Amino acid sequence: MSITSYNGSALIAMVGKNCFAIASDRRLGVNFQTIACDFQRIFKIHDKLYIGLSGLATDVQTMHQRLQFRHKLYQLREERNMRPETFASLVSAILYEKRFGPYFCEPIIAGLNDDGTPFICTTDLIGAKQLAKDFVVSGTASESLYGACESMYKPDLGPDELFEVISQALLASVDRDCISGWGGIVHVVTPDQVITKTLKGRMD
Amino acid sequence: MTKSSVIQVPPKGGFSFDLSRRNAMLQQQGAKLPKYRKTGTTIVGLVYKDGVILGADTRATEGEIVCDKNCEKIHYLAPNIYCCGAGTAADTENVTDMVSSQLALHRYATGRDSRVVTALTMIKTHLFRYQGHVSAALVLGGVDVTGPHLHAIYPHGSTDTLPFATMGSGSLAAMSVFESRYKENLTREEGMEIVSAAICAGIFNDLGSGSNVDLCIITKEGKEYLRNYQQPNPRSYTRSKGYDFMNGYTAVLSTQIRQLRQHVQVLEGDRMDEE
């Protein structure tokens, strides 16, 4: 048993035309027993910045609390929201601090810059940042997710088409992974609005 | 008598070992540690007539899966010093970022351009302190007032000063090219050709290296960073039509739309009476 496959997770973020989408599955399990079908893995940092965390559920929640704390402190001091690149560097630094005793979570950061261009990035569990221009994936289903995204992704999609592509990629991939799935949730963020949809998926 | 309590001090930087005990307990219970992102890699450096040429491939792996097909392995240390990194990606990035900041402060304190041996000593003392656990193998190259320099740095902190160096899983493939073709006082074009050939040898023969060739040429006039200088592996399997999903194709249970911008509505109305 691997530590990151104790709870199971699947996460994708994709870039569209002046928008981004971030999606995750909803299962929380303990090895092969499912405990919950509404577990939150994607957290809002501010209106235009979301972070998805895969891996051990306890570290997912701890990382979210620490990052929310740091961002709130930043907001109080700087009187503005953090830019996505800055936040990605913050996540990377917090994870690397624990280089020899890491948090078992692999974050995906997705945000919109002030000029509306989308930004996505992922890091491994010790903070090695990986920027991407198209999509990033994380979780126990990551190998299937890579394959599904490589074939389904197209650049410059609008919010509606991006939603369809990311949902189909997520659902196709979690169907090939026993320990993730049980529904899905997708947030599509444009400069004007955030559309959140829960997906109907296989509950097995 | 008050019970003494542990005062939480904010961390002053450096590594924190808070979770080590918990992680060791998990491993004892049989859980396997997840894989760190490594840079597999072929990285090379070569000294030519006017300076130094550094080269690297662009594949990053997580176990056996390629997680990044076009990552940057040539890191900035100073305007005249660059460093290629192999090994655990987080370690190479953080070591080079940290030394780059220290070099900048050193430049402000001394008022001089950085020297390659300064960067070398900073890196090797850091790596030796952590006894090889910070797994970064680097090829450091630059041109300073004393001339062009090239060094290879190993994860435990030992260094080699060489006219040509290769590191990473593809180092043997690259070294074979260097050993057969290197000579003193190469011209710029010859140097670039040999470095790209060495990286390509790594890309095609080593499974841990792949994708494109990045080059960085440093002379006393300045540097030239050629990102994706060669792309010998174009993608060949794109489906011409792609997938087209109709809107509304995916089954949705619930939808929530939150407006981010406030929409101001102007209503026509009577003027207010002013008294």
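Residues numbered from 1 in each chain as written. Chains lettered and ligands numbered in written order. Predicted model: local features only at pLDDT ≥ 70, side-chain atom pairs only at ≥ 80, totals over all residues. Heavy atoms only, no water.

- The name given to chain B in an unreviewed UniProt entry is Proteasome subunit beta, with the source organism recorded as Physcomitrium patens.
- UniProt annotates chain B under Catalytic activity (unreviewed entry) with the comment "Cleavage of peptide bonds with very broad specificity." (UniProt positions renumbered as here; feature names shortened; annotations may be inferred.)

- Chain A appears in an unreviewed UniProt entry as Proteasome subunit beta from Physcomitrium patens.
- Under the Subunit (unreviewed entry) heading, UniProt states for chain A: "Component of the proteasome complex."

## Observations concerning the interface of chain A and chain B
Inference 1: At the interface, 56 residues of chain A touch 57 residues of chain B.
Inference 2: Of the roughly 4900 Å² buried between chain A and chain B on both sides combined, carbon and sulfur atoms contribute 52%.
Inference 3: Where chain A touches chain B, the interface holds six salt bridges.
Inference 4: One salt bridge in this structure joins Arg99(A) and Asp91(B), with 2.5 Å as the shortest N-O distance. (Contact = heavy atoms within 4.5 Å. Buried area = accessible area lost by both parts, 1.4 Å probe. Salt bridge = Lys/Arg side-chain N within 4 Å of Asp/Glu carboxyl O.)

## A look at the nonpolar core
Residue and element names in this part refer to chain A.
Inference 1: Core analysis: the largest hydrophobic core is formed by 47 residues, its most contacted members being Ile12, Met14, Ile22 and Leu170.
Inference 2: At the level of secondary structure, the elements contributing two or more residues to this core comprise strand 1 (10-15), strand 2 (20-25), strand 7 (105-112), strand 10 (135-139), helix 3 (142-152), helix 4 (159-174), strand 11 (184-189) and strand 12 (193-199).
Inference 3: Of all the elements, helix 4 adds the most residues to this core, at eight residues.
Inference 4: What leucine 170 contacts, discounting residues up to four positions off in sequence, is Ala10, Ile12, Ala23, Ser24, Asp25, Leu145, Gly184 and Leu199. (Core = buried A, V, L, I, M, F, W, Y, C linked by side-chain atoms within 4.5 Å. Buried < 20%, exposed > 50% of the residue type's maximum accessible area, 1.4 Å probe, protein only. Helix = DSSP H or I, 4+ residues; strand = E, 2+ residues; numbered from the N terminus.)

## Side note on the sheet that holds strand 6 (residues 49-55) of chain A
Residue and element names in this part refer to chain A.
Inference 1: Strand order in this open sheet of five strands is 5-6-7-8-9, and the pairing throughout is antiparallel. Strand pairing shows two members of the sheet lacking a second neighbour, strand 5 (42-46) and strand 9 (129-132), which therefore form its edges. Each adjacent strand pair in this sheet contributes to an overall mean axis angle of 20°, direction not counted.
Inference 2: Pairing of strand 8 (residues 118-123) with strand 9, which is carried by four bridges, proceeds in the antiparallel orientation. Bridge assignment links cysteine 121 to a residue of strand 9, and that residue is leucine 131.
Inference 3: Packed onto the sheet, helix 1 (residues 57-78) meets strand 5, strand 6 and strand 7 and runs at close to 155° relative to strand 6.
Inference 4: Docked against the sheet, helix 2 (residues 84-97) engages strand 5, strand 6, strand 7, strand 8 and strand 9, running at close to 165° with respect to strand 7. (Pairing = 2+ DSSP bridges. Axes fitted to C-alpha atoms, helices over the stretch in contact; angles between N-to-C directions.)

## Describing the pairing of strand 12 of chain A
Inference 1: Most of strand 12 of chain A sits out of view: five of its seven residues are buried.
Inference 2: Examined bridge by bridge, strand 11 of chain A and strand 12 of chain A share six bridges and lie antiparallel to one another. Across the sheet, residue Gly184(A) finds its bridge partner in strand 12 of chain A, namely Leu199(A).
Inference 3: Of the strand pairs in this sheet, strand 12 of chain A and strand 13 (residues 252-259) of chain B are connected by seven bridges, and their pairing is antiparallel. By the bridge assignment for strand 13 of chain B, Leu199(A) is matched with Val252(B).

## Let's talk about helix 4 (residues 171-181) of chain B
Residues and elements named next belong to chain B.
Inference 1: Among the residues making up helix 4, those that are buried are Ser171, Ala173, Ala174, Val177 and Phe178. The arc that holds every buried residue of helix 4, seen down its axis, measures 170°, which confines them to one face. Counted as exposed and oriented over 90 degrees from the buried face of helix 4: Leu172, Glu179 and Ser180.
Inference 2: Against strand 1 (43-47), strand 10 (164-167) and helix 5 (188-205) lie the buried residues of helix 4. (Arc of directions from axis to C-beta.)

## Side note on the packing of aromatic side chains
Inference 1: Evaluation of the coordinates by the stated rule reveals 13 aromatic pairs over all chains.
Inference 2: Considering the side-chain rings of Phe15(B) and Tyr130(B), the 5.0 Å spacing of their centres and the 85° angle between planes classify their relative orientation as edge-to-face. Remark: Tyr130(B) occurs in the loop between helix 3 (116-129) and strand 7 (136-144) and Phe15(B) occurs in the segment before helix 1 (20-28); sequence separation between them is 115 residues.
Inference 3: An aromatic cluster is present here, built from Tyr96(A), Phe100(A), Phe15(B), Phe17(B) and Tyr130(B) joined pairwise through their rings. (Phe/Tyr/Trp six-rings, centres within 6.5 Å; stacked < 30°, edge-to-face > 60°.)

## Notes on the UniProt feature "active site" (unreviewed entry) in chain B
Inference 1: When the UniProt feature table is mapped onto this chain, "active site" (unreviewed entry) is found at Thr41(B).
Inference 2: Apart from residues lying up to four places away in sequence, Thr41(B) is in contact with Asp57(B), Lys73(B), Gly85(B), Ala86(B), Met167(B), Gly168(B), Ser169(B), Gly170(B), Asp206(B), Gly208(B) and Ser209(B).

## A look at the environment of Gly55(B)
Inference 1: As for its position among the elements, Gly55(B) is in strand 2 (residues 51-56).
Inference 2: Sequence-wise, Gly55(B) and Arg112(B) are 57 residues apart; in three dimensions their C-alpha atoms are separated by 27 Å.

## Details of the sheet that holds strand 11 (residues 213-219) of chain B
Adjacent strands of a sheet pair through backbone hydrogen bonds, lying either parallel or antiparallel.
Residue and element names in this part refer to chain B.
Inference 1: Across the sheet, five strands lie side by side as 10-1-2-11-12; this open sheet has antiparallel pairing. Each edge of the open sheet is held by one strand with a lone partner, namely strand 10 and strand 12 (223-230). Averaged over all pairs of adjacent strands, the angle between strand axes in this sheet comes to 10°, irrespective of strand direction.
Inference 2: Sheet topology places strand 1 next to strand 2; five bridges connect them, and they run antiparallel. Bridging from a neighbouring strand, glycine 45 pairs with leucine 54 of strand 2.
Inference 3: Helix-sheet contacts for helix 4 involve strand 1 and strand 10, and the interaxial angle to strand 10 is about 160°.

## Quick word on the side chain of Thr166(B)
All names here are of chain B.
Inference 1: Tracing the backbone through its elements, the reader meets threonine 166 in strand 10.
Inference 2: Separated by 3.1 Å, the side chain of threonine 166 and the backbone oxygen of serine 171 make a polar contact.
Inference 3: What threonine 166 contacts, discounting residues up to four positions off in sequence, is Ile43, Val44, Ser171, Ala174, Met175 and Phe178. (Polar contact = N/O pair within 3.5 Å; in protein donor to acceptor, adjacent residues only side chain to side chain.)

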